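Commentary on secondary and tertiary structure
Each chain is listed here by its residues.
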Amino acid sequence: MDLRELVSALNDFAPLSLAESWDNVGLLVEPSPPHTVNTLILTNDLTEEVMEEAVQKKVDLILSYHPPIFTPLKRVTWKTWKERLVVRALEHRIGIYSPHTAYDAIPHGVNNWLTKGLGGCTSVPLHPSTAPSYPAEGTHRVEFCTDTEHLDVVLSKIKDVQEISCLTTFPARVEGEEQTRVTLNCSQKALLEVVALLSQNSLLYHKTEILLLQKPLLPHTGMGRLCTLSEPVSLSDITERIKSHLKLPHIRIAVGMGKTPESPVKKVALCAGSGSSVLKGKEADLYLTGEMSHHDVLDAVANGISVILCEHSNTERGFLSELRDVLATHLQNKINIIVSEKDRDPLQVV
């Protein structure tokens, strides 16, 4: 596949608009076009070891879940390991693409894969995603009615206000009188000016309605998951299920205040990677994530919530095998997709 065609297909698989605003997602390194992709390698982290593996296997594109370029690079030299990744990629005509939190949000993404380690359950996003393109303009809608005598004056003043869109008028009958209903979309800043303008006429102002334009939620899409188990299981049992799913001999656990390893677990709040900000304040029997700060763990435990930590990338890496198969279908088996053998968590228990 041509690189640009492939990138378009990857963006269809997981729209980048679903990624968090602080993230750096999409095509990060692009060889000069045209660039044909025959082999794509999947990795959780793009390290120098993984880059050498990509070179040896003659890969044309690296899909790295974590973006290897996050903070801006001021230069591209041989001095730092992240700069060297870019140098090596361009030398060998290898593109680099990162989806990161877009894959966290999608219904068929990382967090949904993590829920499979719990056993039978239903899940909903902890922080649902909203539709990216609706409403198209403005944050508020203003509606008011005015008589024909004042209509032209009011409209001329409103049209002078910046950041107003979708201004429409149509006949209306209010309390038996023929009037004109005016609707408009505006930004938060413009709203203050519109309200100030309308408040100059008390009769007009009292017939004004202001609506907050909220984007509709996307079903089954968003950050984190709140999982309700089909049947309650003990904390010790759910621990073994998670270890088995992640193929880990050891995980870390903090037992909630007043709980024991035999206490029942019915609701699990989870977030792959570093989940403190997503999980904080959520009601559940158990928090499952890769890493949390010491003080956030203490807060959860004090509130009777047990915590399981598996290390950051251990809650993500296992998804790659499932992703390989799903992407192959999505891309109609047009390219060879492999999973890195060198990608691994940098931490180990000794």
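My aim in this report is to walk through the structure given alongside it, one point at a time. Keep in mind it's a predicted model, so treat the numbers as computed, not measured.

1. Some words on the overall build of the chain
From N to C terminus, the chain includes 12 helices and 17 strands. Relative to the 2.2 N^0.38 estimate, which gives 20 Å for 350 residues, the radius of gyration of the chain is 26 Å and therefore markedly larger than a compact globule would have. Across its three principal axes, the chain shows a C-alpha extent of roughly 80 × 60 × 40 Å. Across the chain, contacts joining residues at least 24 apart in sequence account for 73% of those joining residues at least 6 apart. Just so you have it, the chain exposes about 18200 Å², and 53% of that area is on carbon and sulfur atoms.

2. Quick word on the pattern of salt bridges
Under the counting rule described, the total for this entry stands at 17 salt bridges. Two residues, E5 and K334, come together in a salt bridge whose shortest N-O distance is 3.8 Å. Of this pair, E5 sits in helix α1 (residues 3–13) while K334 sits in the loop between α12 (319–330) and β17 (336–339), and the two are 329 residues apart along the sequence. Judged by its relative accessible area of 39%, E5 is partly exposed. Linking K243 and E240 is a salt bridge whose minimum nitrogen-to-oxygen distance equals 3.6 Å. Note that K243 and E240 are positioned in helix α9 (residues 235–246) at a spacing of three residues, about one turn of the helix. What emerges from the salt-bridge pattern is a single network uniting D45, R317 and D343.

3. Looking at the packing of helix α2 (residues 48–56) against helix α3 (residues 81–91)
Running from N to C, α2 and α3 point in directions that differ by 10 degrees, and their axes come no closer than 10 Å. Considering their axes alone, α2 and α3 lie roughly parallel with respect to each other. Between α2 and α3, the contacting residues are E48, M51, E52 and V55 on the first element and W81, R84, L85, R88 and A89 on the second. Grouping the constituent residues of the contact of α2 with α3 by class yields five nonpolar, no polar and four charged.

4. A short note on the packing of aromatic side chains
This structure, assessed with the given rule, holds three aromatic pairs. Ring geometry for F13 versus Y103: centroids 5.7 Å apart, planes at 80 degrees, classification edge-to-face. One end of the pair, F13, is in helix α1; the other, Y103, is in helix α4 (residues 101–105), and 90 residues separate them in sequence. Three or more aromatic residues link up through ring pairs in this structure, and these residues are F13, Y103 and F319. The ring of W78 carries the charged tip of R84 above its face, separated from the ring centre by 6.0 Å.

5. Topic: the state of the cysteines
According to the stated counting rule, one finds zero disulfides in the structure shown. Of all cysteine sulfurs, the one in C227 lies closest to C121, which takes part in no disulfide; the gap is 4.6 Å. According to the relative accessible area criterion, C121 is partly exposed, its value standing at 25%. Of all cysteine sulfurs, the one in C186 lies closest to C166, which takes part in no disulfide; the gap is 11 Å. In this structure C166 comes out as partly exposed when scored by relative accessible area, which is 45%.

6. Focus on the sheet that holds strand β15 (residues 286–291)
Reading across from one edge, β5-β12-β14-β15-β16-β13 is the order of the six strands in this open sheet, with mixed pairing throughout. At either margin of the open sheet sits one strand with a lone partner, and together these are β5 (121–124) and β13 (252–254). Each adjacent strand pair in this sheet contributes to an overall mean axis angle of 25 degrees, direction not counted. Note that β13 and strand β16 (residues 306–309) share three bridges and pair antiparallel. Bridge pairing in β16 links R252 to L309. Helix-sheet contacts for α9 involve β12 (225–234), β13, β14 (264–274), β15 and β16, and the interaxial angle to β12 is about 120 degrees. With respect to the sheet, helix α11 (residues 294–302) is in contact with β13, β15 and β16, its orientation differing from that of β16 by roughly 145 degrees.

Reading guide: rules and limits
Residues numbered from 1 in each chain as written. Predicted model: local features only at pLDDT ≥ 70, side-chain atom pairs only at ≥ 80, totals over all residues. Heavy atoms only, no water. Helix = DSSP H or I, 4+ residues; strand = E, 2+ residues; numbered from the N terminus. Rg over C-alpha atoms; globule rule 2.2 N^0.38 Å. Contact = heavy atoms within 4.5 Å. Areas by Shrake-Rupley, 256 points an atom, 1.4 Å probe, with all protein chains shown as cover. Salt bridge = Lys/Arg side-chain N within 4 Å of Asp/Glu carboxyl O. Buried < 20%, exposed > 50% of the residue type's maximum accessible area, 1.4 Å probe, protein only. Axes fitted to C-alpha atoms, helices over the stretch in contact; angles between N-to-C directions. Parallel < 35°, antiparallel > 145°, perpendicular 65-115°, else oblique. Nonpolar A, V, L, I, M, F, W, Y, C, P; charged D, E, K, R; others polar. Phe/Tyr/Trp six-rings, centres within 6.5 Å; stacked < 30°, edge-to-face > 60°. Lys NZ or Arg CZ within 6 Å of the ring centre and 35° of its normal. Disulfide = S-S within 2.5 Å. Pairing = 2+ DSSP bridges.

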